[in-house]
Amino acid sequence: MIKKAVIPAAGLGTRFLPATKATPKEMLPVVDKPAIQYVVEEAAAAGLSDVLMITGRNKRPLEDHFDRNYELESALTRKGDAERLLKVQESSELATMHYVRQGDPRGLGHAVLCAEPHVGDEPFAVLLGDDLIDPRDPLLARMIEVQGREGGSVVALMEVDPEQVHLYGCAAAEATGDPDVVRITGLVEKPDPADAPSNLAVIGRYVLDPSVFGVLKRTEPGRGGEIQLTDALQELAGDEKIGGPVHGVVFDGRRYDTGDRGDYLRAIVGLACEREDLGPGFRAWLRHFVTDEMAGD
Ligand code: G1P
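Chains are numbered independently. Their residues run from 1 in the order of the written sequence. Two thresholds apply to this predicted model, a pLDDT of at least 70 for residue-level local features and 80 or more for giving and counting side-chain atom pairs, whereas whole-chain, interface and lining totals are computed over all residues. With hydrogens and water stripped out, all remaining heavy atoms of the structure feed into the side-chain values.

Draft legend 1. Structural view of the side chain of H110. A helix here means a DSSP run of H or I that spans at least four residues, while a strand means a run of E at least two residues long, and both kinds are numbered starting from the N terminus. Mapped onto the secondary structure, H110 falls in helix α5 (residues 108-113). Of note is the side chain of H110, whose polar atom sits 3.0 Å from the side chain of Q102. Contacts were defined at the residue level, with two residues in contact if any of their heavy atoms lie within 4.5 Å. If sequence neighbours within four positions are ignored, H110 has contacts with Q102, D104 and I227. Each polar contact in these results corresponds to two N or O atoms within 3.5 Å; when the atoms are within protein, one needs to be able to donate a hydrogen and the other to accept it, and residues that are neighboring in sequence are counted only if both atoms are side-chain atoms.

Draft legend 2. Looking closely at unusual backbone geometry. L17 connects to P18 through a cis peptide bond whose omega is 10°. By the secondary structure assignment, P18 is in the loop between β1 (4-8) and β2 (29-30). G244 connects to P245 through a cis peptide bond whose omega is 0°. With respect to the element layout, P245 can be found in the loop between α9 (229-237) and β12 (246-250). If you check the backbone angles, K190 has positive phi at about 45° while not being a glycine.

Draft legend 3. Main features of the site of the ligand. Neighbouring the ligand are the residues L108, L128, D131, Y168, G169, E189, K190, V202, G204, Y206, Q228 and T230. Within the contact set of the ligand, an oxygen atom lies 2.9 Å away from a side-chain nitrogen or oxygen of D131. In isolation the ligand has 380 Å² of accessible area, and contact with the protein removes 77% of it. Classes in brief: Ala, Val, Leu, Ile, Met, Phe, Trp, Tyr, Cys and Pro nonpolar; Asp, Glu, Lys and Arg charged; the others, Gly included, polar. Classifying every residue of the shell around the ligand by side-chain character gives five nonpolar, four polar and three charged. Think of it this way: one heavy atom of a residue within 4 Å of a molecule or strand is enough to make that residue near it. Each accessible area is a Shrake-Rupley result for a 1.4 Å probe, and residues are judged covered by the shown protein chains and nothing else.

Draft legend 4. Inspection of the side chain of Q102 at higher detail. By secondary structure assignment, the location of Q102 is in the loop between β5 (96-101) and α5. A distance of 3.3 Å separates the side chain of Q102 from the backbone oxygen of G107, its partner in a polar contact. Those residues in contact with Q102 that lie beyond four places of it in its chain are A10, I54, T55, G107, H110, A111 and C114.

The analysis is restricted to geometry; functional conclusions fall outside its scope.
Written as structure tokens, this is what we have:
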């Protein structure tokens with residue numbers, strides 16, 4: 001049974017300055033919830049009740065968000081505002097939260113390595129905060145199932161436009177008997193389009209065998225001078241004796257990227273349109289905005 005989720009959240013969020021000068025990028029709202037809450041909710045929904053966040057300086061608001069806020073709770077209780085009280089309490093009841101600081105930001109592989117003392121010798125999940133997966137299209141539960149059956153590690157893959165491959169880890173893979181599962185034969189971090197082995201991109205969900213820690217310890221800095229998780233998984237994929245195989249679950253559901261400003265705006269519009277409470281009114285406004293206000297563009 002996989003119980004632990006690791007969420008790297010130490011990045012500086014420079015793409016969102018000045019919003020992220022004093023606020024962690026993970027706390028930026030997507031509709032009315034901080035982006036990071038969607039990710040913790042996804043982990044909890046997949047049965048991962050123990051969440052370790054890899055944080056850094058200036059990330060205190062993350063800890064506060066997943067903790068109780070008695071002052072707010074008692075003010076809302078006095079007002080009899082049960083609906084908002086629930087919203088305040090929800091985030092502190094999702095999972096048991098733990099935090100460790102990364103110190104030197106030396107890349108995603110290094111962030112994952114910081115989880116070793118907490119995770120120990122058991123398989124665990126890694127969720128990257130820039131990727132939001134629609135709760136109606138469960139991905140993590142499927143990955144956990146595949147890991148339970150095949151052992152080793154499992155990454156989430158998505159077919160992307162070949163021009164986008166250079167933004168992701170990219171997989172060479174072969175088919176298995178399961179239409180949504182592939183066996184990974186190679187992985188390369190952010191390849192030039194000409195060198196990309198496929199258009200299968202790694203999206204930010206992983207279920208990892210703990211042998212990845214040993215490999216990460218000897219993984220040299222790669223793309224961007226950072227210790228890359230992709231490089232450690234490439235080594236695992238090639239060798240069952242050290243902790244492979246690596247499988248991929250090919251996801252074709254709804255994924256929102258909050259990693260850069262344009263994608264962040266698209267994520268907000270996409271999710272707002274689908275909300276039961278806000279969606280109908282927002283969609284009507286959006287239709288009007290696109291047809292009337294932007295007609296001349
Ligand atoms: C990271 C990983 C990359 C993966 C991506 C998914 O890159 O290094 O392999 O495809 O997340 O979002 P980042 O986007 O943090 O540069």
